[in-house]
Amino acid sequence: MTRLTLDTLDLRHPGTERPALDALSLEVADGEMVALLGPSGCGKTTALRVIAGLVAPDAGEVRFDGVSVGHLPPERREAVLVFQSGQLFAHMDVAANVGFGLRMQRRPKREIAERVAEALAQVQLGDLGHRRPHELSGGQRQRVALARALVLKPGLLLLDEPLSSLDAHLRGEMRALIRRLQRETGITTLVVTHDQEEAAVLGDRVALMLGGRIHQIGAGAALWNRPADLDVARFFGGCNFISGRSSGGGFDCALGRLLLPEGAPSGEGCLTLRPEAIEPGEGENALTLRVIETRFEGLLTRITAEGSGLRLEALMRAGAARGAVPGQDVRWRLPREALWVLPGV
Amino acid sequence: MAGSRTSATEVIGRGHPWLSLAPALCVIAVLFGGGLVLGLAGSFGMGRGGWSLDAWAAVLGEGRVWRSLGLSLWIAFASTALSCLIGLGAALLLRRRFPGQGLARLLFQINLTIPHAVGALGILWLLSQSGFLARIAGGAGLIDGPAGFPALTQDRHAIGIIAHYVWKEVPFIGLILLANMQSIGDDPEAAARSLGASPFAAMRLVLLPLLRPALIRAGAIVFAFSFGAWEVPVLLGQSSPPALPVLAWQRFTDPDLAARPEAMAIAMLIALVSALLIRAAFAGRS
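Conventions used here
- Residues numbered from 1 in each chain as written.
- Chains lettered and ligands numbered in written order.
- Predicted model: local features only at pLDDT ≥ 70, side-chain atom pairs only at ≥ 80, totals over all residues.
- Heavy atoms only, no water.
- Helix = DSSP H or I, 4+ residues; strand = E, 2+ residues; numbered from the N terminus.
- Rg over C-alpha atoms; globule rule 2.2 N^0.38 Å.
- Areas by Shrake-Rupley, 256 points an atom, 1.4 Å probe, with all protein chains shown as cover.
- Lys, Arg positive; Asp, Glu negative; His and termini not counted.
- Charge placed at Lys NZ, Arg CZ, Asp CG, Glu CD.
- Domains from an automatic or database assignment.
- Contact = heavy atoms within 4.5 Å.
- Buried area = accessible area lost by both parts, 1.4 Å probe.
- Salt bridge = Lys/Arg side-chain N within 4 Å of Asp/Glu carboxyl O.
- Polar contact = N/O pair within 3.5 Å; in protein donor to acceptor, adjacent residues only side chain to side chain.
- Pairing = 2+ DSSP bridges.
- Axes fitted to C-alpha atoms, helices over the stretch in contact; angles between N-to-C directions.
- Parallel < 35°, antiparallel > 145°, perpendicular 65-115°, else oblique.
- Left-handed = near helix turned anticlockwise from the far one by under 90°.
- Nonpolar A, V, L, I, M, F, W, Y, C, P; charged D, E, K, R; others polar.
- Phe/Tyr/Trp six-rings, centres within 6.5 Å; stacked < 30°, edge-to-face > 60°.
- Buried < 20%, exposed > 50% of the residue type's maximum accessible area, 1.4 Å probe, protein only.
- UniProt positions renumbered as here; feature names shortened; annotations may be inferred.

Hey, could you go over the overall build of chain B for me, with residue numbers and the actual values?
Helix and strand content of chain B: 13 helices and 0 strands. The secondary structure elements of chain B, listed N-terminal to C-terminal, are α-α-α-α-α-α-α-α-α-α-α-α-α. Whereas a compact globule of 286 residues would reach a radius of gyration of roughly 19 Å, chain B reaches 24 Å, over 25% beyond that. Dimensions of chain B, computed from C-alpha atoms along their principal axes, come out at roughly 70 × 65 × 30 Å. Summed over all atoms, the accessible surface of chain B reaches about 15600 Å², with 70% contributed by carbon and sulfur. Computed over 20 positive and 13 negative side-chain charges, the inter-centroid distance for chain B is 9 Å.

Okay, structure coming up:
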């Protein structure tokens, strides 16, 4: 399998103001699955195409196992890209689609047939080899696209939004399949997605890409709860930002002194906590706030409350939100472990 | 229930498809269908005192008609094959991004606007034995006189006619294929490349099969036109045997009105052969 290194990649599409890739650097270990997460237009698909060799960067290097592959055309790179739309060849049946790469390698027909059957069985489509792509469902098409890549046993698998065209039920199934196949084969995988949940489930690590570069990389939970900067916090739905000063395990701000978890950075900064982390009731870091507005959002209710000139937003389940009535005071607890300080913001 | 209510609303709201199509269908039926029916009726002697198969028997039993049919098939097949081949090549070149691409595309399309008759006169002026190329060859001492220049117009192999159709239809095929390539996009080829195909293999195994339906459709139009049109063979073709449409036109304008049903029969023959061959091309596709 292959270790992937992206070294300060720059790319600007002609006629656009913002760069698609802006000094993008990333390291994916041998056999690791990294989820490249970002909003649409952040350059994540462009990054995949650069790695696959379909687009040349303006500057910077792509290395496989430490060796630059910049001079290699796509067909000679050890990387296979699975497109968002699957891109099955409509004029070939499923078996011919899956065997396409092996045919390009001029493998004997018998070997191709055996390996195609094996790959189709891997994605649980063993009996559909004779079908045409238009006779398949969206989920089946995506699985054929996956089999078509896996059958080549590539050093690096690049998945571009593999689940975005599927409905919720199929998405869960496909997610589990990708996870299982990646574990079984150990192929180094970079999966691009705009879906936070998908990134957290699929990636051993999640790399958040904003404006053409990686803002933070780490375990999914770390990005949610310990964002590196304001942009990361905002991307993950953070909406409570309180400026103040962190010192000696506490944070002094307009709301008073709040106790921080261990390891929180010191100095001037911005306190952030996720809206769903706020709990009603008494205890450590409890505050009195006046409810301004409540908004029903399905499973959860979003409550905006104000105290000492600061607004906080909380997301609570129906039971917990029942006590919140606009114009009345509530007691909210800001759990210490849910607080985080963004230094220097 | 909700579904059936929706579809009912749709039918009321937009009208039945046949109803919506009716005005256009009426025009087509009267102008084209009517012409076809009248032509067919004329070939069976309608309006000349009773029905008969005489005209068809005369036409099908005449060696000149079969020789004309052979010539027209040769013109249509050669023009279509060359136009498709060159049009495809041109479209593959023009889809790449390069400086001056817009100008190149404009120049490529420009002869779409020139009428066939004008184009045919241009070919005559260029390729005939007293034409521009012959004069240059004469001036350069390559030939002694007009007779020394190969006959490229009014010739046995209909080279002038085929040259004209290719000149005129290459941009047409090219434009259709360019539009098709634009809607297909680069991704199918990119997917093939990522799976290990060379640029040529990706084009041959993925892009060309995707373009095939459009190429067959465009080719069918070129075939039907070059098989059935008469003004270019009149200007650039030999007199014996003439192309089949020219023969039909000659019979139709014959002072002897008895030749009219034969003209109609030949015209119907052209339509029939054309329809059968195009049908076969589409059947071969699927």
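Any chance you could break down the domain arrangement of chain B for me, citing the residues and the numbers?
All names here are of chain B. For chain B, the assigned domains are domain 1 (20-52) and domain 2 (63-281). Relative placement of domain 1 and domain 2: their C-alpha centres are 29 Å apart. Each partner contributes residues to the interface: domain 1 has 6 residues there, and domain 2 has 6 residues. Both sides of the domain 1 and domain 2 interface together cover about 530 Å² of buried area, and 76% of this is carbon and sulfur. It is Gly39, Ser43 and Arg48 in domain 1 that bury the most area against domain 2; as a group they hold 64% of the surface buried on that side. The tally of links between domain 1 and domain 2 comes to 0 salt bridges. For the pair domain 1 and domain 2, the number of links is 0 residue pairs in polar contact (both at pLDDT 80 or more).

Tell me about the domain arrangement of chain A, and please be specific about residues and values.
Split by domain assignment, chain A resolves into domain 1 (4-225) and domain 2 (238-343). Centre-to-centre separation of domain 1 of chain A and domain 2 of chain A, based on C-alpha positions: 39 Å.

Hey, could you go over the sheet that holds strand 9 (residues 205-210) of chain A for me, with residue numbers and the actual values?
Residues and elements named next belong to chain A. A sheet is described by the order of its strands in space; here 6 strands give the open sequence 6-7-8-3-9-10, paired in mixed fashion. Of all the strands in the sheet, just strand 6 (79-82) and strand 10 (213-218) have a single pairing partner and so form its edges. Across this sheet, the average inter-strand angle for adjacent strands is 20 degrees, counted without regard to direction. Helix 1 (residues 44-52) rests against strand 3 (33-37), strand 6, strand 7 (156-160), strand 8 (188-193) and strand 9 of the sheet, and its axis sits at about 150 degrees to strand 7.

Tell me about the packing of helix 2 (residues 94-104) of chain A against helix 3 (residues 109-122) of chain A, and please be specific about residues and values.
Residues and elements named next belong to chain A. Packing of helix 2 against helix 3 leaves a shortest axis separation of 9 Å and a crossing angle of 120 degrees. Classed by the angle they form, the pair helix 2 and helix 3 counts as oblique. In terms of crossing hand, the pair formed by helix 2 and helix 3 is right-handed. Seen from helix 2, the contacting residues are Val94, Ala95, Val98, Gly99, Leu102 and Arg103; seen from helix 3, they are Ile112, Arg115, Val116, Ala119 and Leu120. Of the residues that constitute the contact of helix 2 with helix 3, the class distribution is 8 nonpolar, 1 polar and 2 charged.

Outline the packing of helix 4 (residues 63-94) of chain B against helix 8 (residues 159-184) of chain B, listing residues and values.
Residue and element names in this part refer to chain B. Here helix 4 crosses helix 8 at 45 degrees, and the two axes come no closer than 7 Å. Classified by the angle between their axes, helix 4 and helix 8 sit oblique to one another. In this structure, the crossing between helix 4 and helix 8 has a hand that is right-handed. Its residues placed into classes, the contact of helix 4 with helix 8 shows 19 nonpolar, 4 polar and 1 charged.

Requested: an account of the packing of aromatic side chains, with residues and values cited.
Residues and elements named next belong to chain B. Applying the stated rule across the entire model yields 9 aromatic pairs over all chains. The interplanar angle of 15 degrees and the centroid separation of 5.2 Å between the aromatic rings of tryptophan 125 and phenylalanine 132 together place this pair among those described as stacked. Among the residues examined, tryptophan 125 registers a relative accessible area of 57% and is labelled exposed. For the ring pair tryptophan 230 and tryptophan 249, a centre distance of 4.9 Å and an interplane angle of 15 degrees mean the geometry is stacked.

An account of the interface of chain B and chain A is requested, with residue identities and associated values reported.
Between chain B and chain A, the residue contacts involve 17 residues of the former and 20 residues of the latter. Summing the contributions of chain B and of chain A, the shared interface buries around 1600 Å²; its carbon and sulfur component is 66%. For the chain B face of the interface with chain A, the top three residues by lost area are B:Ser194, B:Leu195 and B:Leu205, together amounting to 41%. For the salt bridge of B:Asp187 with A:Arg49, the shortest nitrogen-to-oxygen distance reads 2.8 Å. Linking chain B with chain A are 4 residue pairs in polar contact (both at pLDDT 80 or more), by the criterion used here. Looking at the side of chain B that touches chain A, the elements with two or more residues in it are helix 9 (187-194) and helix 10 (199-228) of chain B.

Describe the environment of B:Ala248, and please don't skip the residues or the numbers.
Residues and elements named next belong to chain B. For alanine 248, the position within the fold is in helix 12 (residues 244-252). A residue is classified by how much of its surface remains accessible, and alanine 248, at 10% relative accessible area, is buried. Residues alanine 248 and isoleucine 266, 18 residues apart in the sequence, show an inter-C-alpha distance of 5.6 Å.

Tell me about the pairing of strand 12 (residues 250-253) of chain A, and name the residues and values.
Residues and elements named next belong to chain A. Across 3 bridges, strand 11 (residues 240-247) lies against strand 12 in antiparallel orientation. Looking at the pairing, serine 246 lines up with phenylalanine 251 of strand 12. Counting the residues that bridge the hairpin from strand 11 to strand 12 gives 2 residues, and of these glycine 248 lies at a positive phi of roughly 50 degrees. As defined by bridge partners, strand 12 adjoins strand 13 (residues 256-259) across 4 bridges and the pair is classed as antiparallel.

Residues and numbers for the UniProt feature "domain: ABC transporter" (unreviewed entry) in chain A, please.
Under the UniProt annotation, "domain: ABC transporter" (unreviewed entry) lies at residues 6-236 of chain A. A distance of 25 Å separates the end C-alpha atoms of residues 6-236 of chain A, which is 36% helix and 23% strand.

Which residues make up unusual backbone geometry, and what are the values?
Backbone torsion omega between B:Ser240 and B:Pro241 reads -10 degrees, so that peptide bond is classified as cis. Assignment of secondary structure puts B:Pro241 in the loop between helix 11 (231-236) and helix 12. Non-glycine residue A:Gln87 carries a positive phi angle of around 50 degrees. Relative to the elements of secondary structure, A:Gln87 occurs in the loop between strand 6 and helix 2.

An account of the side chain of B:His116 is needed here, citing residue identities and associated values.
Structurally, B:His116 is set in helix 6 (residues 116-127). When near neighbours in sequence (up to four residues on either side) are disregarded, B:His116 contacts B:His164, B:Tyr165, B:Lys168, B:Glu169, B:Phe225, B:Glu231 and B:Val232.

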